[in-house]
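Architecture at a glance
What follows is the residue order along each chain.
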Amino acid sequence: MFAAYFSLLALVQLAATAVVVPSGHGLPGSREGLSQVAKAAGKLYFGSATDNPTLTDEPYISILSDNHQFTQITPANSMKWETVEPQRGVFNFTGGDQIVAFAKKNGQIVRGHTCVWHSQLAPWVAAGNFDNSTLQQIVKDHTTAVVSHWKGQIYAWDVVNEIFNDDGTWRPSPFSDIIGPSFVELAFRTAHKADPNAKLYLNDYNIDGLGPKSTAVVNLVKSLKAAKAPIHGIGLQAHMISGSIPTDIKQNIEQFTKLGVEVAITELDIRITLPVTPEKLEQQKKDYAAVVAACNSVKGCIGVTVWDFTDKYSWIPSVFAGEGDALPWDKDLVRKPAYDGIVQGFNGRS
Ligand code: 9MR
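Described below are features of the structure shown in this document. (Residues numbered from 1 in each chain as written. Predicted model: local features only at pLDDT ≥ 70, side-chain atom pairs only at ≥ 80, totals over all residues. Heavy atoms only, no water.)

Another aspect to go through is the site of the ligand. In the vicinity of the ligand there are 13 residues, among which Asn77, Lys80, His113, Glu267 and Trp307 approach most closely. Side-chain polar atom of Glu162 to a nitrogen atom of the ligand: 3.0 Å apart, as the coordinates give it. A distance of 2.7 Å separates a nitrogen atom of the ligand from a polar side-chain atom of Glu267. Burial of the ligand by the surrounding chains reaches 73%, relative to a free accessible area of 450 Å². A majority-of-atoms criterion places the ligand in the largest pocket. When grouped by side-chain class, the residues that make up the shell around the ligand number four nonpolar, six polar and three charged. (Near = heavy atom within 4 Å. Polar contact = N/O pair within 3.5 Å; in protein donor to acceptor, adjacent residues only side chain to side chain. Areas by Shrake-Rupley, 256 points an atom, 1.4 Å probe, with all protein chains shown as cover. 1 Å grid on protein atoms, 1.4 Å probe; cavity = no way out; pocket = protein on both sides within 12 Å on 5 of 7 lines; lining within 4 Å. Sits in = over half its atoms within 2 Å of the grid points. Nonpolar A, V, L, I, M, F, W, Y, C, P; charged D, E, K, R; others polar.)

Enumeration over the complete set of coordinates arrives at nine salt bridges. When the shortest N-O distance is used, the salt bridge between Asp57 and Lys312 registers 2.7 Å. A residue pair is termed long-range when its members are at least 10 positions apart, and Asp57 in the loop between β1 (45-50) and α3 (58-64) and Lys312 in the loop between β9 (301-306) and α13 (316-319) qualify at 255 residues. On the basis of relative accessibility, which here comes to 10%, the residue Asp57 falls in the buried class. Here Arg271 and Glu323 are joined by a salt bridge, their closest N and O atoms 3.1 Å apart. Remark: Glu323 occurs in strand β10 (residues 323-324) and Arg271 occurs in strand β8 (residues 262-273); sequence separation between them is 52 residues. (Salt bridge = Lys/Arg side-chain N within 4 Å of Asp/Glu carboxyl O. Helix = DSSP H or I, 4+ residues; strand = E, 2+ residues; numbered from the N terminus. Buried < 20%, exposed > 50% of the residue type's maximum accessible area, 1.4 Å probe, protein only.)

Quick look at the nonpolar core now. Residues Trp157, Val160, Ile234 and Leu268 are the most contacted members of the largest nonpolar core, which totals 92 residues. If sequence neighbours within four positions are ignored, Leu268 has contacts with Gln237, Ala238, Tyr288, Val291, Val292, Val304, Thr305, Val306, Trp307 and Leu327. Grouped together as the second largest cluster of nonpolar side chains are six residues, Tyr45, Ala156, Ala264 and Ile302 included. (Core = buried A, V, L, I, M, F, W, Y, C linked by side-chain atoms within 4.5 Å. Contact = heavy atoms within 4.5 Å.)

Before going further, it helps to examine the layout of surface pockets. The rolling of a water-molecule-sized probe over the atoms marks out the regions of remaining empty space. As a volume, the largest pocket reaches approximately 420 Å³. As for the largest pocket, its lining consists of 23 residues, and the residues nearest its centre are Lys80, His239, Glu267, Trp307 and Trp315. If you list the elements that add at least two residues to the lining of the largest pocket, you get β1 and β3 (109-117). Looking at the second largest pocket, its volume works out to about 190 Å³. Residue lining of the second largest pocket: 15 residues in total, with Asn206, Ile207, Asp208, Gly209 and Pro246 positioned closest to the centre. Breaking the lining of the second largest pocket down by element, the ones donating at least two residues are α10 (212-226) and β7 (239-241). At three residues, β7 tops the list of elements feeding residues into the lining of the second largest pocket. Residue composition of the lining of the second largest pocket, grouped by class: seven nonpolar, five polar and three charged. (Points joined across faces, edges and corners; volume = space filled by probe spheres on them.)

Okay, the pairing of β9 next. Counting buried positions over the six residues of β9 gives six, a clear majority of the element. Where β1 and β9 come together, four bridges link them in parallel fashion. The partner of Ser48 across the bridge, within β9, is Val306. Bridge analysis of β8 against β9 gives four bridges, and the strand direction is parallel. Considered in β9, the bridge of Leu268 is made with Val306. In this region the chain leaves β8, passes through helix α12 (residues 278-296) and returns to the parallel neighbour β9; the handedness of that crossover is right-handed. (Pairing = 2+ DSSP bridges. Right-handed = clockwise from strand over helix to strand, strands pointing away.)

As a further point, take the packing of aromatic side chains. If you walk through the whole model with that rule in mind, you get 19 aromatic pairs. Ring geometry for Tyr45 and Tyr155: centres 6.3 Å apart, planes at 70 degrees, overall edge-to-face. With Tyr45 in strand β1 and Tyr155 in the loop between α7 (132-149) and β4 (156-161), this residue pair connects regions lying 110 residues apart in the sequence. Judged by its relative accessible area of 0%, Tyr45 is buried. Within the aromatic cluster, the residues linked to one another by ring pairs are Phe46, Tyr60, Phe70, Phe309, Tyr313, Trp329, Tyr339 and Phe346. The aromatic ring of Phe130 is capped on one face by Arg88, whose charged end is 5.6 Å from the ring centroid. The aromatic ring of Tyr205 is capped on one face by Lys213, whose charged end is 3.8 Å from the ring centroid. (Phe/Tyr/Trp six-rings, centres within 6.5 Å; stacked < 30°, edge-to-face > 60°. Lys NZ or Arg CZ within 6 Å of the ring centre and 35° of its normal.)

Right under this line is the structure:
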């Protein structure tokens, strides 16, 4: 009788453990999902980028589709110009549709990424040597087609991406070179017409802390607002280096929200110089906590998105030789200390 009771107890304990810590989600550490913690802190979502080829990886998908973890998804590549309009007037929405359907199935909202960007731009746009009015028409046609295709299905669009150099000057691109800075207003007005309910964002890297690039964004938002152009948000990509994250992220977010726009952290990752050590993972945990706490401490910072959630699919090692391990889950889909850093950040502890 005692033995039977004891084994029943063991069984119940086992079942309880299995419920609290689903397999594949990694141990040890916080039990709450990242989106649950973000929402409890008053944020709209915690999200992840993803890419179409990874949607066949079942263990990966079981984590990505868990809306205790992620209530927002960003397609990392499949809504970009080179993919969506590879030839003028020829559109391919297949990859984006697949990710939007995935998100919808899981009760997750979608950030659209991105309408007008100098990179991953279809080659025909630069090769065409278009004059100003033709290129304006091309920007209008592209933005209208893309935003209206997913009308009503996108929480926010990165309407323009990476438009400034680090010193705050305009980055050369067919758009800024041929149309000039007014391509930004054109893109925002066009996107707003195509989906009046979508939040429209300017998105960039190295605008996480104060500095000339962030000042350029402030000045641009002021002039767009003065012209009554529909800009609603600033996306801080937040591709960061562990051990040297900016110390003034909160002040920077505040200078944006004071302009009457919301802020989101849109592409967070914090890379480490390899090989990884337990000390480096602890530093990375502190860095994640600090970035998330900065967003958490400003009401107008509405959510945080990691640029994919596992080191298995991070873009970092292919671009920064000798660096990596930038995300909260490792290559084997096991949670790292960074996961607990994110939880701490939403709990107001950095
Ligand atoms: O994650 C994207 C990666 O798969 C692509 O190869 C890369 C090409 O530039 O773009 C990555 O995403 C970028 C995002 O669109 C804009 N900010 C920087 C991101 C990392 O490069």
